[in-house]
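What the coordinates show
Spelled out from the first residue to the last, the chains are:
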Amino acid sequence: HKTMSEPAIPFPAPVNGAETKTKGDKKEKKVKPPPPGGYAKKPQLTKAERREMQEKQRALKSQATEGDSKKNSKEGNKNNQKSGGGGGGGSAHKGETGGGSAKSGNQSQNTTKTKEVIQPNKQLFNHLNAYSLKNSESIGLSSSLNDTHPAVAALGLRFADGSLRGANARCFAMLEAMKEVVRDYTTPPDKALERDLHKKIDRSFQFLTDCRPHSISMGNAKQFLRQVVSQLDSNLSESDAKSEILSEIDVFLKERIIVAGSIIANLAAAKIRDSGDVILTYGRSHAVEQILMNAHSLGKQFHVVVVEARAPPGVEGKGLLERLTSVGVSCTYVLLNAASYVMPHVTKVLLGAAAVTSNGAVLGRIGTAVVAMTAKCKNIPVIVTCETYKLCEKVPLDSIVSNELGDPADLERPDSESNHSNKSNKPRLLNLRYDLTPQKFVGMVVTEVGMIPPTAVPALIREYRRDAGIQSGSSDL
């Protein structure tokens, strides 16, 4: 084989007698010989001595940095005085240099100021709508009131002032107001009943939400009403369509709220044992009150511990206490901070719910989770009552992302104004209305279809949505 010989590349000759180094040449490192006595060993220090030495070094370093910053600031002030003391007779060059020194002094001052800026406090619940006290004057000035039915406006005022409370009561009143809206509705010319009535219902619902944020039960009821309107036969007359909507609302009120509550009361009352049961409940739930009244009507002897809700104080628990004692039920009335004291004497815990989510968690009035967790620590069964129309397919992990703010004045004592006369020292109060009880603290959920574990809630939600023809995720809650 013939190989192509590459032309040899001539290397440049060394300049000024310098010698070229080959790959074999190695640089010799100069090693400093040790002292004749050898190296002195460092003394071993204890942890306290090392810490003291480190603190001294930090103090010296901080003093050095402070001295440098003071020198820089003094030099900047001197340059500013020199540039400003020349008066109007200074040259343009001097004016420029004076301006430069002033800029450098300002920059050094700005850097020191930026270190002293305090960052604004980032509040944890800024994403929630701030509480605002609404009355007839503020609602009357609302622009959306012009197109609002009088029944809806009156109901919104009751929502705003807090005279109407409870998930069942609010949802029932909302559907009754929607019946008035449908009954007085007339289809405008050149418009379809389905589309225009949809808009009318949405505006009425939004007005109620502006007065007070709607509950999950109200959102489910609105979704049901929209489903009824969308499934109307287009060949029906206006009067027939309205009568069909009204009849569907009546069926929903009867089956999903009234009859469902009585079934839940009968099922849960059978779990109360005669002579010896001590039932603890929190606040005032309509379903729990109905259970206790049914058990008393059956002749059962039991004791009830009523734990007062946190806010508003003396409204919910006290009302339940008066109702039970009026029929002869033995009761004990305590505050929330005494729940752990009375819990060892309790045999069952009955709690109401504003909603039960798809992961089995219970959304209830603030303080429900504390009662449930206290009962779980004492191995006491927790029974939650909830109608199926309150089930929600959301999967919340905490009560921070979605909640409602109440009136902060409910948490203040009457003498708090004298103690906090200075507004700067006055604490900022946060009144949350709901909390979330995790699934592991709930033993059983009583519904109108039976007693189920909280893990079976997703299956029940799927069955109801399939029967109603609602697609998953279509709710606007």
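A brief report on the enclosed structure follows.

Rules of the game
- Residues numbered from 1 in each chain as written.
- Predicted model: local features only at pLDDT ≥ 70, side-chain atom pairs only at ≥ 80, totals over all residues.
- Heavy atoms only, no water.
- Helix = DSSP H or I, 4+ residues; strand = E, 2+ residues; numbered from the N terminus.
- Buried < 20%, exposed > 50% of the residue type's maximum accessible area, 1.4 Å probe, protein only.
- Contact = heavy atoms within 4.5 Å.
- Core = buried A, V, L, I, M, F, W, Y, C linked by side-chain atoms within 4.5 Å.
- Patch = residues over 30% accessible without salt bridge, like charges linked within 9 Å, V, L, I, M, F, W, Y side chains within 5 Å.
- Areas by Shrake-Rupley, 256 points an atom, 1.4 Å probe, with all protein chains shown as cover.
- Salt bridge = Lys/Arg side-chain N within 4 Å of Asp/Glu carboxyl O.
- Lys, Arg positive; Asp, Glu negative; His and termini not counted.
- Charge placed at Lys NZ, Arg CZ, Asp CG, Glu CD.
- Pairing = 2+ DSSP bridges.
- Right-handed = clockwise from strand over helix to strand, strands pointing away.
- Axes fitted to C-alpha atoms, helices over the stretch in contact; angles between N-to-C directions.
- Parallel < 35°, antiparallel > 145°, perpendicular 65-115°, else oblique.
- Left-handed = near helix turned anticlockwise from the far one by under 90°.
- Phe/Tyr/Trp six-rings, centres within 6.5 Å; stacked < 30°, edge-to-face > 60°.
- Lys NZ or Arg CZ within 6 Å of the ring centre and 35° of its normal.
- Polar contact = N/O pair within 3.5 Å; in protein donor to acceptor, adjacent residues only side chain to side chain.
- Expected span 1.5 Å × (residues − 1).

Digging into the overall build of the chain
When helices and strands are counted, the chain shows 14 helices and ten strands. When each of the 477 residues of the chain is scored for burial, the buried share is 36%. Looking at the chain alone, contacts between residues at least 24 apart form 78% of all its contacts between residues at least 6 apart.

Focus: the nonpolar core
L155, C171, M174, L175, L197 and I245 are the most contacted members of the largest nonpolar core, which has 37 residues in total. Secondary structure elements with two or more residues in this core: α4 (150-161), α5 (167-183), α6 (193-211), α7 (216-230) and α8 (238-269). Considering every element that reaches this core, the biggest residue donor is α5, with eight residues. Filtering out sequence-adjacent residues up to four positions away, M174 remains in contact with L155, F205, L208, M218, A221 and K222. Within the second largest apolar cluster, 30 residues are counted, among which are L391, I452, V457 and L460.

Observations regarding a negative patch on the surface
A cluster of acidic side chains, namely D233, D240, E244 and E248, defines a negative patch on the protein surface. For D240, a relative accessible area of 39% corresponds to the partly exposed category.

Examining the pairing of strand β1 (residues 277-282)
Burial runs high along β1: six of the six residues are buried. Here β1 shows a buried face lined by D277, I279 and T281 and a second buried face lined by V278, L280 and Y282. As defined by bridge partners, β1 adjoins strand β2 (residues 302-307) across six bridges and the pair is classed as parallel. From the neighbouring strand, T281 faces β2, where its bridge partner is V306. Between β1 and its parallel partner β2, the chain crosses via helix α9 (residues 286-297), and the hand of that crossover is right-handed. Relative to strand β4 (residues 348-352), β1 runs parallel, the two sharing three bridges. Paired with T281 across the bridge in β4 is L350.

Side note on the sheet that holds strand β7 (residues 382-385)
Two orientations exist for strands paired in a sheet by backbone hydrogen bonds: parallel and antiparallel. Reading across the sheet, the seven strands line up as β3-β2-β1-β4-β7-β9-β10 and stay open at both edges, with mixed pairing between neighbours. Two strands in the sheet have a free side with no partner beyond their single neighbour: β3 (330-334) and β10 (450-452). Mean inter-strand twist for the sheet, computed between neighbouring axes without regard to direction, equals 25°. Pairing analysis gives four bridges linking β4 to β7, with the strands arranged parallel. Of the residues in β7, the one forming a bridge with L350 is I383.

A short note on the sheet that holds strand β6 (residues 362-365)
Overall, antiparallel pairing links the three strands, which are arranged β5-β6-β8 in an open sheet. Each edge of the open sheet carries a strand with a single partner, namely β5 (355-356) and β8 (434-437). Pairing of β5 with β6, which is carried by two bridges, proceeds in the antiparallel orientation. What sits directly across from A355, in β6, is L363. Contacting β6 and β8, helix α12 (residues 368-377) crosses the sheet at an angle of about 30° to β8.

Comments concerning the packing of α4 against α6
Two numbers describe how α4 lies on α6: the axes approach to 8 Å, and their chain directions differ by 20°. Here α6 runs roughly parallel to α4, going by the angle between their axes. Between α4 and α6 lies a crossing whose hand is right-handed. Contacts between α4 and α6 involve V152, A153, L155, G156, F159 and A160 on the former and, on the latter, S204, F207, L208 and C211.

Here we look at the packing of aromatic side chains
Within this structure, the stated rule accounts for two aromatic pairs. For the ring pair F224 and F252, a centre distance of 4.5 Å and an interplane angle of 25° mean the geometry is stacked. Highlighted residues: F224 in helix α7 and F252 in helix α8, separated in sequence by 28 residues. An identical accessibility class is assigned to F224 and F252; each is buried. A centroid spacing of 6.0 Å and a plane angle of 80° characterise the contact between F252 and Y389, whose relative ring orientation is edge-to-face. Within this pair, whereas F252 is found in helix α8, its partner Y389 is found in the loop between β7 and α13 (416-419), the two being separated by 137 residues in sequence. The exposure classification of F252 matches that of Y389, with both residues buried. Here the aromatic residues F224, F252 and Y389 are joined through ring pairs into a cluster of three or more. The ring of F159 carries the charged tip of R170 above its face, separated from the ring centre by 5.0 Å.

As for the environment of K390
For K390, the location among the structural elements is in the loop between β7 and α13. Relative accessible area serves as the criterion here: at 6%, K390 is assigned to the buried category. Taking the C-alpha atoms as reference points, K390 and L363, separated by 27 residues in sequence, lie 10.0 Å from one another. When neighbours within four sequence positions are excluded, K390 is seen to be in contact with A167, N168, I216, S217, N220, A353, A354, A355 and V356. Among the polar contacts listed, one links the side chain of K390 to the backbone oxygen of A353, at a separation of 3.2 Å.

Some words on α7
Taking 1.5 Å of rise per residue, the 15 residues of α7 would be expected to cover 21 Å, and the 21 Å separating its terminal C-alpha atoms lies within 8% of that figure. Burial analysis of α7 places 13 of its 15 residues in the buried class, the great majority of the element.

Some points on the pattern of salt bridges
Counted according to the given criterion, the structure contains 15 salt bridges. With its nearest N and O atoms 2.8 Å apart, the salt bridge here joins D202 to R226. Of the two residues, D202 sits in helix α6 while R226 sits in helix α7, which places them 24 residues apart along the sequence. Look at D202 and you get partly exposed, because its relative accessible area is 26%. If you follow the salt bridges from partner to partner, you end up with E176, K179 and D250 in one network.

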